[in-house]
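Given next are the chains, with one letter for each unit.
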Amino acid sequence: MEIVICAAIRMSDGYIVRGHRHADAMRTASQIPRYRNERPYSGDQGFVTSLNRFVGRVDACKLQKAAGIKSVLEGVEAYLHGELYSEDLY
């Protein structure tokens, strides 16, 4: 069963940078010379799965729910608007 492993961002050339949270991935990317001036926006923020796939927030949320993995957040904050956020993971 495929599950989400970590937050990730996709750079303009398709390169994937992973991080504990999206901000960590952005900080890492900013240290790579060719990405210093690049800032991934919401469409380029997603997650890497256990099958090493990059998926967006909505698909990541669907994977977690299908696997029966509950958000660590409670109430209305959990899986906000059917999207996964790194805060849902840990």
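These numbers come from a predicted model, not from an experiment. (Residues numbered from 1 in each chain as written. Predicted model: local features only at pLDDT ≥ 70, side-chain atom pairs only at ≥ 80, totals over all residues. Heavy atoms only, no water.)

Observations regarding the pattern of salt bridges
Under the defined criterion, the tally for this structure stands at 3 salt bridges. A salt bridge links Glu2 to Arg53; the nearest nitrogen and oxygen atoms lie 2.8 Å apart. Highlighted residues: Glu2 in the segment before β1 (4–10) and Arg53 in the loop between β3 (45–49) and β4 (54–56), separated in sequence by 51 residues. The exposure class assigned to Arg53 is partly exposed, which follows from its relative accessible area of 39%. (Salt bridge = Lys/Arg side-chain N within 4 Å of Asp/Glu carboxyl O. Helix = DSSP H or I, 4+ residues; strand = E, 2+ residues; numbered from the N terminus. Buried < 20%, exposed > 50% of the residue type's maximum accessible area, 1.4 Å probe, protein only.)

Side note on the nonpolar core
Membership of the largest hydrophobic core is limited to 10 residues, which are Val4, Ala7, Phe47, Val55, Ala60, Cys61, Leu63, Tyr79, Leu84 and Leu89. The set of elements that each furnish at least two residues to this core consists of β1 and α2 (57–66). The greatest single-element share of this core, amounting to 3 residues, is contributed by α2. When sequence neighbours within four positions are dropped, the list of residues in contact with Cys61 reads Tyr79, Gly82, Glu83 and Leu84. If you look at the next biggest cluster of nonpolar residues, it comprises 7 residues, including Met11, Val17, Ala25 and Met26. (Core = buried A, V, L, I, M, F, W, Y, C linked by side-chain atoms within 4.5 Å. Contact = heavy atoms within 4.5 Å.)

Re the packing of aromatic side chains
Counted according to the given criterion, the structure contains 1 aromatic pair. Centre to centre, the rings of Tyr15 and Tyr35 are 6.0 Å apart; their planes meet at 20°, and the pair counts as stacked. Highlighted residues: Tyr15 in the loop between β1 and β2 (16–19) and Tyr35 in the loop between α1 (22–30) and β3, separated in sequence by 20 residues. Residue classification places Tyr35 among the buried residues on the basis of a relative accessible area of 1%. Here the basic side chain of Arg34 rests over the ring of Tyr15, its NZ or CZ set 5.3 Å away from the ring centre. (Phe/Tyr/Trp six-rings, centres within 6.5 Å; stacked < 30°, edge-to-face > 60°. Lys NZ or Arg CZ within 6 Å of the ring centre and 35° of its normal.)

Regarding α2
Residue pairs three or four apart in sequence face the same way in an α-helix, which turns once every 3.6 residues. Buried residues of α2: Arg57, Ala60, Cys61, Leu63 and Gln64, and no others. Down the axis of α2, the buried side of the element spans an arc of 160°, and every buried residue falls inside it. α2 presents Lys62 and Ala66 as exposed residues on the side facing more than 90 degrees away from its buried surface. After α2 finishes, the residue Gly68 shows a positive phi value of roughly 75°. (Arc of directions from axis to C-beta.)

Points about the pairing of β2
By the alternation rule, side chains of β2 split into Val17 and Gly19, which are all buried, and Ile16 and Arg18, of which none is buried. Hairpin connection between β1 and β2: a loop of 5 residues separates the two successive antiparallel strands, and Gly14 in this loop has a positive phi of roughly 95°. (Pairing = 2+ DSSP bridges.)

Overview of unusual backbone geometry
At Asn52, a residue that is not glycine, the phi angle is positive and equals roughly 60°. By secondary structure assignment, the location of Asn52 is in the loop between β3 and β4. Phi angles above zero are rare outside glycine, and His81 is one such case at about 60°. Tracing the chain through its elements places His81 in the loop between α2 and α3 (86–89). The exposure class assigned to His81 is exposed, which follows from its relative accessible area of 70%.

Nothing here speaks to function; it is all geometry.
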